[in-house]
Amino acid sequence: MELRELRAFVAVAEERGMSAAARRLHMSQSALSQTVSGLERQLGLKLLVRTNTGAHPTEEGEILLAEARAVIARHDQAMRTMTSLTNSGCGLLRIGIPLELPPDLLRPAIGQVAATCPDTRVQARHLSSAAQLEALRAGELDIGLLRERPTDPDLDAMLVVTERLGVLLAASVAAELADDEGVRLETLRGLQWVSFPRSGSPAWYDEVTSVLRSFGLDLGPEPPQDQSLIAEVKLAAVGTEKAFALAPPHWSQPLPGNLVWKPLHQHPLVRRTWAAWPAHSRRRDLAALITALPTADL
């Protein structure tokens with residue numbers, strides 16, 4: 001038996017039909033049928049019952065299905081392991097980063113990469129958490145910095161930053177709302193929240209909106225999915241004196257004279273940033289980066 005024959009049989013058994021399995025494998029239905037029939041002749045067993053409505057495994061086919069899945073999984077894991085060993089040295093290290101990040105977070109880590117693997121070239125890409133996850137799964141990123149912890153079993157993750165968010169306000173508005181401890185969330189009622197698309201980081205968006213609504217804030221419509229919340233958008237909206245934006249205390253962007261940052265009473269919003277990378281990776285430059293990143297408490 002060849003691996004391609006096992007993959008063909010598993011696809012037909014799982015899809016319960018030739019046409020769906022052929023689409024899944026990107027091959028013609030006739031070629032798939034010949035492959036499965038050849039496997040049956042080779043084993044001298046009937047593996048599938050074919051009907052007008054599809055196909056399903058026989059008793060012998062169910063036994064082969066379990067064995068074939070195990071063989072395919074082991075083969076694929078072996079290929080991933082060997083690929084990671086092939087790429088275990090240094091080269092192009094692709095890092096996904098969100099739009100807002102503490103300025104000193106990556107500098108020491110990248111310095112460690114340069115010391116460990118001088119030939120490594122670092123490439124940074126500004127991407128949302130959702131886009132970074134897709135890129136990590138597709139092998140287009142080597143490590144990502146995400147606003148939510150990934151649940152993928154093939155990804156390892158480590159919490160690297162926690163930030164107590166405050167608010168950006170027009171100075172005139174802050175003069176009315178702020179006291180010595182900052183701003184109470186409920187006093188922001190009537191101002192528009194400068195939001196980010198939920199599609200970029202669903203779990204973080206849901207956490208933020210839940211807290212804001214609990215303080216009686218009207219959040220308005222969600223922004224379009226393809227609209228990035230860049231610094232210029234935040235500053236322009238807040239400058240109208242009709243909006244507020246959330247931001248960490250050490251924001252990397254300089255503030256115009258008419259805007260101020262204020263903490264929130266009792267720090268109800270804490271933003272977390274997770275580093276996530278492929279669990280099977282054996283790259284030395286990636287290991288150097290990870291070990292040099294800070295770790296934060298939950």
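Worth saying up front: this structure is predicted, and the values here are computed from it rather than measured.

Criteria and thresholds
Residues numbered from 1 in each chain as written. Predicted model: local features only at pLDDT ≥ 70, side-chain atom pairs only at ≥ 80, totals over all residues. Heavy atoms only, no water. Helix = DSSP H or I, 4+ residues; strand = E, 2+ residues; numbered from the N terminus. Expected span 1.5 Å × (residues − 1). Buried < 20%, exposed > 50% of the residue type's maximum accessible area, 1.4 Å probe, protein only. Axes fitted to C-alpha atoms, helices over the stretch in contact; angles between N-to-C directions. Parallel < 35°, antiparallel > 145°, perpendicular 65-115°, else oblique. Contact = heavy atoms within 4.5 Å. Nonpolar A, V, L, I, M, F, W, Y, C, P; charged D, E, K, R; others polar. Pairing = 2+ DSSP bridges.

A. Structural detail: helix H3 (residues 29-43). For H3, with 15 residues, the first-to-last C-alpha span of 21 Å sits near the 21 Å given by 1.5 Å per residue. For H3, the complete set of buried residues consists of Leu32, Thr35, Val36, Gly38, Leu39 and Glu40.

B. Seen up close, the packing of helix H1 (residues 3-15) against H3. Between H1 and H3, the least distance of the axes is 9 Å, while the angle of their chain directions is 110°. Overall, the two elements H1 and H3 adopt an arrangement that is roughly perpendicular. On the side of H1, the interface is formed by Arg4, Glu5, Ala8, Phe9 and Val12, while H3 contributes Leu32, Thr35, Val36, Leu39 and Gln42. Looking at side-chain class alone, the contact of H1 with H3 contains 6 nonpolar, 2 polar and 2 charged residues.

C. Region of interest: the sheet that holds strand E3 (residues 92-97). The strand order across the open sheet built from 5 strands is E4-E3-E5-E11-E6, with neighbouring strands paired in mixed fashion. Only two strands of the sheet have a single neighbouring strand rather than two, namely strand E4 (121-126) and strand E6 (155-164). Taken pair by pair, the neighbouring strands of this sheet meet at an average axis angle of 20°, ignoring direction. Pairing of E3 with E4, which is carried by 6 bridges, proceeds in the parallel orientation. What sits directly across from Ile97, in E4, is His126. The strands touched by helix H6 (residues 129-137) within the sheet are E3, strand E5 (143-146), E6 and strand E11 (270-278), with E5 carrying the most contacts at an inclination of about 160°.

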